[in-house]
Amino acid sequence: RKEVEQDPGPFNVPEGATVAFNCTYSNSASQSFFWYRQDCRKEPKLLMSVYSSGNEDGRFTAQLNRASQYISLLIRDSKLSDSATYLCVVTFSGGYNKLIFGAGTRLAVHP
Amino acid sequence: DAGVIQSPRHEVTEMGQEVTLRCKPISGHNSLFWYRQTMMRGLELLIYFNNNVPIDDSGMPEDRFSAKMPNASFSTLKIQPSEPRDSAVYFCASSPRQGQSTDTQYFGPGTRLTVL
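As the structure is a prediction and not an experimental result, all values here were calculated from the model.

## Things to note about the sheet that holds strand 3 (residues 19-24) of chain B
Residue and element names in this part refer to chain B.
Part 1: With respect to topology, four strands assemble into an open sheet ordered 1-3-8-7, the strand pairing being antiparallel. Both edges of this open sheet fall to strand 1 (5-7) and strand 7 (65-71), since each of them pairs with a single strand only. Ignoring which end each strand starts from, the neighbouring axes of this sheet average 15° apart.
Part 2: The pairing of strand 3 with strand 8 (residues 74-79) spans five bridges and is classified as antiparallel. The partner of Leu21 across the bridge, within strand 8, is Leu77.

## Details of the pairing of strand 6 (residues 53-56) of chain B
Part 1: Pairing between strand 5 (residues 42-50) of chain B and strand 6 of chain B: three bridges, direction antiparallel. The residue of strand 6 of chain B that forms the bridge with B:Phe49 is B:Pro54.

## Observations regarding the nonpolar core
All names here are of chain A.
Part 1: With 24 residues, the main nonpolar core has Phe21, Trp35, Ile71, Leu73, Ile75, Tyr86 and Leu107 as its most contacted residues.
Part 2: Where this core is concerned, the elements lending two or more residues are strand 3 (19-25), strand 4 (33-38), strand 5 (44-50), strand 7 (60-65), strand 8 (70-75), strand 9 (84-92) and strand 11 (105-110).
Part 3: Every residue in contact with Phe21, bar those within four places of it in the chain, is listed here: Phe11, Trp35, Ile71, Ser72, Leu73, Ile75, Tyr86, Thr105 and Leu107.

## A look at the interface of chain A and chain B
Part 1: Contact residues are listed per partner, giving 16 residues for chain A and 21 residues for chain B.
Part 2: Applying the counting criterion to the chain A and chain B interface returns one salt bridge.
Part 3: Among the salt bridges present, the one from A:Lys98 reaches B:Asp56, with a minimum N-O distance of 3.7 Å.
Part 4: For the pair chain A and chain B, the number of links is one residue pair in polar contact (both at pLDDT 80 or more).
Part 5: Every element with two or more residues in the side of chain A that touches chain B is listed here: strand 4, strand 5 and strand 10 (98-101) of chain A.
Part 6: Among the residues making up the side of chain A that touches chain B, the classes are represented as seven nonpolar, five polar and four charged.

About the cut-offs
Residues numbered from 1 in each chain as written. Chains lettered and ligands numbered in written order. Predicted model: local features only at pLDDT ≥ 70, side-chain atom pairs only at ≥ 80, totals over all residues. Heavy atoms only, no water. Pairing = 2+ DSSP bridges. Helix = DSSP H or I, 4+ residues; strand = E, 2+ residues; numbered from the N terminus. Axes fitted to C-alpha atoms, helices over the stretch in contact; angles between N-to-C directions. Core = buried A, V, L, I, M, F, W, Y, C linked by side-chain atoms within 4.5 Å. Buried < 20%, exposed > 50% of the residue type's maximum accessible area, 1.4 Å probe, protein only. Contact = heavy atoms within 4.5 Å. Salt bridge = Lys/Arg side-chain N within 4 Å of Asp/Glu carboxyl O. Polar contact = N/O pair within 3.5 Å; in protein donor to acceptor, adjacent residues only side chain to side chain. Nonpolar A, V, L, I, M, F, W, Y, C, P; charged D, E, K, R; others polar.

Okay, here's the thing in structure tokens:
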């Protein structure tokens, strides 16, 4: 079983749509959780951290359910510029900031 | 501000040749990471340095791979001899502190390696 699992997509949605991505992780001792965004042929960049209480950044909302070992990302009012691959990331509880990446979910927003 | 700098951006080489990838982390960052990204395996950590010392090299595939960090502003990842299965994008990332779990890692633009 992979340590971090995501639906690979692609998700093809029209502008203005709401889209949700899900992610599960296997290590119950994982400490920190993130969503990274990776544009085609570019490096990954931090989109947002994910907290147990849930957090929002503009059109983006992230949720964490530790009991179910489940992370989600909701994007409202999708823009063409949101087209990218979204990587679910957890830190390994090995004493340092070791990031374990999911394979990513590809999003394509069309006019 | 300069981000993480990697060179070369693209490398095409023949099987059996030595390949050296270079990375300059963000000034003041204490932690440096080398990753490899492929379609099949996604993004994988190869090695982690803290204060120029290798802390975790469990992700280094085999003896053909080696990494060094001679000072706080420079690191290399070397593959000798290279094989076609080494073809991938290699990213270097740095983070500010002692590898705290909440620290953001900043990625360089990557080196796209093709081994023929």
